[in-house]
Amino acid sequence: MGRCMPAARIAATALLALCAAGHPAGYASDRGRIRPAPAFTAAELGALPRDGWITNGGNLYNQRYSPLAQIDRENVKDLKAVWRTSLRGSGMSPRSGNQAQPIVYDGVIYIMTGENDAFAVDVETGEILWEYRANIDPEVARPCCSWVGRGLAIGDGKVFAGQLDAKLVALDQRTGKVVWSIQAEDPKAGYAIASAPLYYDGLLITGFAGSDLGTRGRVKAYDAKTGRLRWTFYTVPGPGEFGHETWPQDSDVWKYGGAAVWQTPAVDPELGLIYFSTANPGPVLNGAVRPGDNLFSVSIVAIEAKTGKYRWHFQQVHHDIWDYDSANPVILFDAPYDGRMRKGIAQAGKTGWVYILDRVTGEPLIGIEERPVPQEPRQATAPTQPFPIGDAIVPQEIDIPPEGFELVNQGRIFTPFADEPVIWKPLAAVNWPPSSYDPETNHMFICATDAMWGAAGGDPDYPIEPGALYSGSVVHRIAAPRRGIFAVVDLKTNRLVWRQQWVDTCYSGSVVTAGGLVFVGRNDGRLTALDKSNGRKLWEFQTDGGVNAPASVFEHKGKQYVTVLAGGTALAGSKRSDGLWLFSLDGRIESLPRGSADPAGQQPPRESPPTERDTVAGAQKPGAAAAAGGAATPARAPDPARGKEIYTTTCIVCHGETGKGGTHGGAPLTPSLTHDSVIAVVTRGRNDMPAFGSAFSPEDLQDLAAYVLELARK
């Protein structure tokens, strides 16, 4: 039961009906299939992944490298799907960011969706063995940038989840039942857990998001057996702590100073150190109220694994006013420099550079120069900024000004702004999608974006307290295209090996293999395999949802598999789906037709788990025609209060609390908007705004339009 058994070959233009696999949660006969994981040793967690994928980054060093070579350059063309399992409608909400890399252990895949629901899925059958529903209250959780689910951790018979309502939960690995659950921070104060927790040495370690919401960043370690807090490291130092002198001494701005941690840390067991990078200071775009370097924002930080004690830091951007938070996971590696092997750490930043340091000391392995940058006293700008020696991944200046703007300083990186709008490049060059590292070549594979943006502001009287969005400046929307960049950097030289541009953003992360391949997903629903030596595309497979999560590669009973969540994500504007896919060389399911993950065909979230066969391409579901038309009116009156909830969880990051624009550059709302125009733009998209298709029900669209009009007319 539950495994799809389609015909051996399906015409490329035919509809592909796949089963909504899985028994009800806790189905008794399934429990015996799951063998609990041990309390993994450092050696087990640090080894290259072969018969599983037991930690988020593939190993403790976050390398996302598979030593398997059964699937290689020559035969990858034969890769097909073994099964697609429906995760019972989870992650289909328009606010969802389905970005989790699957965890695999002993024939079971563990996966999280953007709703923070967790599932255990049998590798051989695709059956759901158990599910956990997080049931996060949207009135409590306040994540700044869509509802993301970036993965799970396993260890000592438990599956661990960090949630957007700032809860940390341990589940029984056999059943999915809650073993312990703690409220790690206050979500109403802006805290969320937006990354997979790290299981290491009996500890469960996690950072907290919320830099854009007036939080004080922190990393915490808990006893994995009991949930008891073991230590806390604050990424914004308090009075008497090293680094506090880089914040104003006459205000409380440090209490809301940001420096969140967006990703799963890396560990060097030999050194006993944990490594991570931090986000922007707060308020995000207003340096007037926080003179100083603002440690440890936009920094790579090393702390002791057992105690959380500070060891070293390297700040990538001093006194950031450009939202250059370091969201990409750090990677640990060993490579030769000047004739001897060194312990390195690399992090690709939103600035567009890779920062390469000695992970023992925090000193650069390749030169990083402090250079003077343009000044703006009203923003209390830093006199110099670090410039890594090497190649930038994306352009760091604007070659042609967009209509309506005059360039200042050629729109270069670190160009400051104040009362008048200023634009610059890059905008979020390397964001959260995890990079991968090939120890054979010392090459790092990086998802990036070439885009520009701008702002005006720096109000010295901005309130020093958190709000719905702790920004302090007004972002200016720029009608200019964005392009995806996939780049490879040699970490021995910090020089580009090859790079290519895509028509859409690169928003999935990657995994590289000993078979000469790098697997990377696309917003349009394709999973692709590139030749890691030159970027030539060797294989692609069309799924039914945006592939905005890294794949995992593993071996099971002598066969190599690739598994990926094709669930889409709100920030990429890709189609949401609930599909977990498994691929192998003896798979029988052909690629879906191109366009099967078109957001215009997006389906509304299901109210209950599907029980019938689920058509994943071409079928029109109830309500889709009305939503596509953009003006269907339900019998009931619109509910602006419900519309406010949708706006707060989906729209606020781009359009701001007041509708004047958020940190991601959405267009300001104007009184000229009409009820039908709001619905049409939300449904079909416009300019840089993605199409949400029929992800919203007709009632949702009516409610959202009513609230947007209220906001626009204030």
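Residues numbered from 1 in each chain as written. Predicted model: local features only at pLDDT ≥ 70, side-chain atom pairs only at ≥ 80, totals over all residues. Heavy atoms only, no water.

**Thoughts on the overall build of the protein chain**
Logical step 1: Within the protein chain, the regular secondary structure consists of six helices and 41 strands.
Logical step 2: Across the 714 residues in the protein chain, those meeting the buried criterion constitute 65%.
Logical step 3: Partitioning the intrachain contacts of the protein chain with sequence separation of at least 6 by distance along the chain shows that 64% fall at a separation of at least 24. (Helix = DSSP H or I, 4+ residues; strand = E, 2+ residues; numbered from the N terminus. Buried < 20%, exposed > 50% of the residue type's maximum accessible area, 1.4 Å probe, protein only. Contact = heavy atoms within 4.5 Å.)

**Topic: the environment of T113**
Logical step 1: As for its position among the elements, T113 is in the loop between strand 6 (108–112) and strand 7 (118–122).
Logical step 2: The class of T113 is buried, set by a relative accessible area of 1%.
Logical step 3: When the C-alpha positions of T113 and G149 are compared, they lie 5.2 Å apart, and in sequence the two are 36 residues distant.
Logical step 4: Side chain to side chain, T113 and S90 meet in a polar contact 2.6 Å long. (Polar contact = N/O pair within 3.5 Å; in protein donor to acceptor, adjacent residues only side chain to side chain.)

**With respect to the nonpolar core**
Logical step 1: In terms of nonpolar packing, the biggest core is built from 114 residues, with Y110, W130, W231, F519, W539 and F583 touching the most fellow members.
Logical step 2: Counting residues in hydrophobic clusters, the runner-up holds 41 residues, among them I368, F417, A451 and A480. (Core = buried A, V, L, I, M, F, W, Y, C linked by side-chain atoms within 4.5 Å.)

**Some remarks on the packing of aromatic side chains**
Logical step 1: Here the structure, examined in full by the defined rule, presents 32 aromatic pairs.
Logical step 2: With 6.3 Å between their ring centres and 40° between their planes, F242 and F296 make a pair best called tilted. With F242 in the loop between strand 17 (229–234) and strand 18 (266–268) and F296 in the loop between strand 19 (273–277) and strand 20 (299–304), this residue pair connects regions lying 54 residues apart in the sequence.
Logical step 3: Taken together, the aromatic side chains of F233, F242, F276, F296 and Y310 make up a single cluster linked through ring pairs. (Phe/Tyr/Trp six-rings, centres within 6.5 Å; stacked < 30°, edge-to-face > 60°.)

**Quick notes on the sheet that holds strand 21 (residues 310–315)**
Logical step 1: Read from one edge of the open sheet, four strands run 18-19-20-21, paired in antiparallel fashion. Looking at the sheet topology across the chains shown, the edges are occupied by strand 18 and strand 21. Each neighbouring strand pair of the sheet contributes to a mean axis angle of 20°, computed without reference to strand direction.
Logical step 2: Of the pairings in the sheet, the one linking strand 18 to strand 19 comprises three bridges and is antiparallel in character. Across the sheet, A266 pairs through a bridge with Y275, a residue of strand 19. (Pairing = 2+ DSSP bridges. Axes fitted to C-alpha atoms, helices over the stretch in contact; angles between N-to-C directions.)

**Observations regarding the pairing of strand 29 (residues 443–450)**
Two faces, one strand: in a regular strand the side chains alternate between the faces of the sheet.
Logical step 1: Burial analysis of strand 29 places eight of its eight residues in the buried class, which makes it a mostly covered element.
Logical step 2: Burial along strand 29 is two-sided: the residues H443, F445, C447 and T449 and M444, I446, A448 and D450 are all buried.
Logical step 3: Pairing geometry for strand 28 (residues 436–438) and strand 29, over three bridges, is antiparallel. In the sheet register, Y437 faces strand 29, and the bridge partner there is M444.
Logical step 4: Of the pairings in the sheet, the one linking strand 29 to strand 32 (residues 483–490) comprises eight bridges and is antiparallel in character. When the sheet's bridge partners are listed, C447 is paired in strand 32 with F486.

**Details of the sheet that holds strand 5 (residues 103–105)**
Remark on secondary structure: sheet strands pair via backbone hydrogen bonds, oriented parallel or antiparallel.
Logical step 1: The sheet built from four strands is open, its strands ordered 5-6-7-8 with antiparallel pairing. Of all the strands in the sheet, just strand 5 and strand 8 (128–132) have a single pairing partner and so form its edges. Direction aside, the axes of adjacent strands within the sheet are offset by 15° on average.
Logical step 2: Looking at chain direction, strand 6 and strand 7 are connected through five bridges and run antiparallel. Each bridged residue has a counterpart across the sheet, and for V108 the counterpart in strand 7 is D122.

**Re unusual backbone geometry**
Logical step 1: A cis amide bond, omega -5°, links L295 with the succeeding residue F296.
Logical step 2: Cis rather than trans, the peptide bond between K425 and P426 has omega equal to -5°.
Logical step 3: In this structure, P426 sits in the loop between strand 27 (422–424) and strand 28.
Logical step 4: For N116, which is not glycine, the phi dihedral falls at a positive 70°.

**Re the environment of T415**
Logical step 1: If you trace the backbone, T415 turns up in the loop between strand 26 (384–388) and strand 27.
Logical step 2: The exposure class of T415 is buried, given its relative accessible area of 0%.
Logical step 3: Separated by 10 residues in the primary sequence, T415 and K425 place their C-alpha atoms 8.9 Å from one another.
Logical step 4: Those residues in contact with T415 that sit more than four places away from it in its chain are W322, V408, N409, V422 and W424.

**Notes on the confidence of the model for the protein chain**
Logical step 1: Here the protein chain shows a mean pLDDT of 88. Residues at 70 or above account for 86%.
Logical step 2: With pLDDT under 50 throughout, residues 1–29 is counted as low confidence; its partners more than four residues away or in other chains account for 66 contacts.
Logical step 3: Note on residues 603–634: pLDDT is under 50 here. Beyond four places in sequence and across chains, it has 65 contacts. (pLDDT = per-residue confidence, 0-100.)

**Focus: the pairing of strand 31 (residues 473–476)**
Logical step 1: Side-chain alternation along strand 31 places S473 and V475 on a buried face and V474 and H476 on a face that remains uncovered.
Logical step 2: One ladder, built from four bridges, connects strand 30 (residues 453–457) with strand 31; its direction is antiparallel. From the neighbouring strand, A456 faces strand 31, where its bridge partner is V474.

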